Amino acid sequence: MSPAQASAIAASPRDGALEVLRERGQREVFCGLTGIVWLHRKMQDAFFLVVGSRTCAHLLQSAAGVMIFAEPRFATAIIEERDLAGMADCHAELDRVVERLLARRPEIRTLFLVGSCPSEVIKLDLGNAAQRIGARHLKGENGSEGVRILAYSGSGIETTFTEGEDACLTTLVPEMPAEAPGAAQSLVMVGTLPDIVEDQFLRLFAELGITNVGVLPARRAGALPVVGPNTRYLLAQPFLGETARALEDRGAVRIDAPFPFGADGTAAWLSAAAAAFGIDEMHVNRVIAPGRERAKRALERYRPALEGKRITFLPDSQLEIPLARFLATELGMIPVEVGTPYLHRAHLAADLARLPEGTRISEGQDVERQLDRVRADRPDLTVCGLGLANPLEAEGLSTKWSIELVFSPVHGFDQAGDLAELFARPLRRRDVLRI
Ligand code: SF4
């Protein structure tokens, strides 16, 4: 895109009277348990114990793929029929399972009890269980560090896919140490990113001159960042509404920015943080210029394949709006419909403002009606879950599996090209097959 086009897009913000199609009906989405797959990789001394059914265990096994053979730090305590019939004391049984687990895995520093549909339906109070068991593990043996026990819900009744991460991080916020009175301004980057991407961002913050930087979730239980009125937080993921609210309850203030996808998105995200810390603009431009240029060059390779192509997103992860913004403003794609399971207007304001006029935005899902719209629109590419991809391909529509966008490193300058590649690949494959 030429600079003139870029500024034209930036200068035509959609106003507050944004029209959103709201739908409720049959949905084709994951439940929040799926978040465990990436959360457990990030928090290296945490364990996730799902209290659920065999269905939940199957879901985790299939989502985690081959990882289940690598002694992962998650498991399912299966609620048996005896428990469901109220014949067993679920709490006593859970206590036994947890004690056995902690004895066998002494390296665990945080244990999450993760609620599921069955545990919620039988009203098993996991918050209470976490408190009760946690009290026994405040200090480890011989005065060593104890185990923190927390509970959240990843059930399909309450959470959709990435909302599981939001629920998990929300429980960590009260555990963050309070900042000292009169402490210098600090920055917390919020949202799970692959280590390699996190390290790139931390390096850039250091070069910008922001030195006091913490990350939520931290890689280790003992490394939770401090929080208080001098904390500024920057969301790296768009699905963290409850975590943000919990941080604000503790005095932290959000830095408003588009999400760090692509060359311009990442530059705007870093610049917003720098502005909040009063860093000189010239210095900011000097620091981010090389990465931004690298990203722009990487994106140029994909422009011929993507420019002018029409794309529809079905709701899945809440990443849809920032990704549509990236594809439209940095690669010239045309978003037709952008569906999201939940729209947080404030957190997405900067990305929404950059979406082209006429983009149809939908929140929630009534899958049959949405598929009818896809068939009527016939976009060049439809981003959707695994359950819908093959049927749509059979109807001659090219698809991109949305789950890859959550599992792959896609944020930041050095991943911009890889992100574009994820969208270009299915189109290329379609062209090759056609020949
Ligand atoms: S939707 Fe409910 S029952 Fe199904 S896997 Fe998720 S938590 Fe378990």
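The protein chain has the name Light-independent protochlorophyllide reductase subunit N in an unreviewed UniProt entry, where Novosphingobium sediminis is given as its organism. On record in UniProt, under Function (unreviewed entry), the comment for the protein chain is "Component of the dark-operative protochlorophyllide reductase (DPOR) that uses Mg-ATP and reduced ferredoxin to reduce ring D of protochlorophyllide (Pchlide) to form chlorophyllide a (Chlide). This reaction is light-independent. The NB-protein (BchN-BchB) is the catalytic component of the complex." Note on the protein chain: under the UniProt heading Sequence similarities (unreviewed entry), the record states "Belongs to the BchN/ChlN family."

Partitioning the protein chain into domains gives domain 1 (20–27 + 300–433), domain 2 (32–159) and domain 3 (186–281). Its C-alpha centre places domain 1 at a distance of 34 Å from the equivalent point of domain 2.

The geometry of helix 9 (residues 195–208) relative to helix 12 (residues 281–300) is characterised by a closest axis approach of 9 Å and an angle of 145° between their N-to-C directions. In this structure, helix 9 meets helix 12 at a crossing whose hand is right-handed. Mapping the contact onto sequence places Leu 204, Glu 207 and Leu 208 in helix 9 and His 283, Val 284 and Val 287 in helix 12. Split into classes, the residues belonging to the contact of helix 9 with helix 12 amount to 4 nonpolar, 1 polar and 1 charged.

Tracing the backbone through its elements, the reader meets Glu 207 in helix 9. On the accessibility criterion, Glu 207 (45% relative accessible area) is partly exposed. For the pair Glu 207 and Val 284, spaced 77 residues apart in sequence, the C-alpha separation works out to 8.9 Å.

Looking now at the sheet that holds strand 9 (residues 253–254). Taken together, 4 strands build an open sheet; the order of strands is 7-6-8-9 and the sheet is parallel. Strands with a single pairing partner mark the edges of an open sheet, and in this sheet they are strand 7 (213–216) and strand 9. Note: strand 6 (residues 186–190) against strand 8 (residues 231–235), 5 bridges, orientation parallel. Counterpart to Met 189 in the pairing with strand 8 is Leu 234. Strands strand 6, strand 7, strand 8 and strand 9 of the sheet are contacted by helix 10 (residues 241–249), whose axis makes an angle of about 175° with strand 8.

Turning our attention to the packing of helix 11 (residues 262–276) against helix 12. Between helix 11 and helix 12, the shortest axis-to-axis distance is 9 Å and the interhelical angle comes to 165°. Here helix 12 runs roughly antiparallel to helix 11, going by the angle between their axes. In this structure, the crossing between helix 11 and helix 12 has a hand that is right-handed. Where helix 11 abuts helix 12, its residues Ala 263, Asp 264, Ala 267, Leu 270, Ser 271 and Ala 274 lie against Val 284, Ile 288, Arg 292, Ala 295, Lys 296 and Leu 299. When the residues that make up the contact of helix 11 with helix 12 are grouped by side-chain class, the tally is 8 nonpolar, 1 polar and 3 charged.

Below, the discussion takes up the UniProt feature "binding site: [4Fe-4S] cluster" (unreviewed entry) in the protein chain. Those residues carrying the UniProt feature "binding site: [4Fe-4S] cluster" (unreviewed entry) are Cys 31, Cys 56 and Cys 117 in this numbering. Their sequence span is 87 residues, while the largest C-alpha to C-alpha distance among them is just 9.5 Å; these annotated residues converge on one region. On the basis of relative accessibility, which here comes to 17%, the residue Cys 31 falls in the buried class. When sequence neighbours within four positions are dropped, the list of residues in contact with Cys 31 reads Leu 59, Gly 154, Ser 155, Gly 156, Thr 159, Thr 160 and Phe 161. Structurally, Cys 117 is set in helix 6 (residues 117–121).

On to the side chain of Ser 362. Note that Ser 362 resides in strand 12 (residues 360–365). We classify Ser 362 as buried; its relative accessible area is 1%. Engagement of the side chain of Ser 362 in a polar contact is seen with the side chain of Glu 337, the distance being 2.8 Å. Excluding its chain neighbours within four sequence positions, the residues that come into contact with Ser 362 are Val 20, Leu 21, Glu 337, Val 338, Gly 339, Thr 340, Gln 370 and Arg 373.

Here is what the cut-offs are and how they apply
- Residues numbered from 1 in each chain as written.
- Predicted model: local features only at pLDDT ≥ 70, side-chain atom pairs only at ≥ 80, totals over all residues.
- Heavy atoms only, no water.
- UniProt positions renumbered as here; feature names shortened; annotations may be inferred.
- Domains from an automatic or database assignment.
- Axes fitted to C-alpha atoms, helices over the stretch in contact; angles between N-to-C directions.
- Helix = DSSP H or I, 4+ residues; strand = E, 2+ residues; numbered from the N terminus.
- Left-handed = near helix turned anticlockwise from the far one by under 90°.
- Contact = heavy atoms within 4.5 Å.
- Nonpolar A, V, L, I, M, F, W, Y, C, P; charged D, E, K, R; others polar.
- Buried < 20%, exposed > 50% of the residue type's maximum accessible area, 1.4 Å probe, protein only.
- Pairing = 2+ DSSP bridges.
- Parallel < 35°, antiparallel > 145°, perpendicular 65-115°, else oblique.
- Polar contact = N/O pair within 3.5 Å; in protein donor to acceptor, adjacent residues only side chain to side chain.

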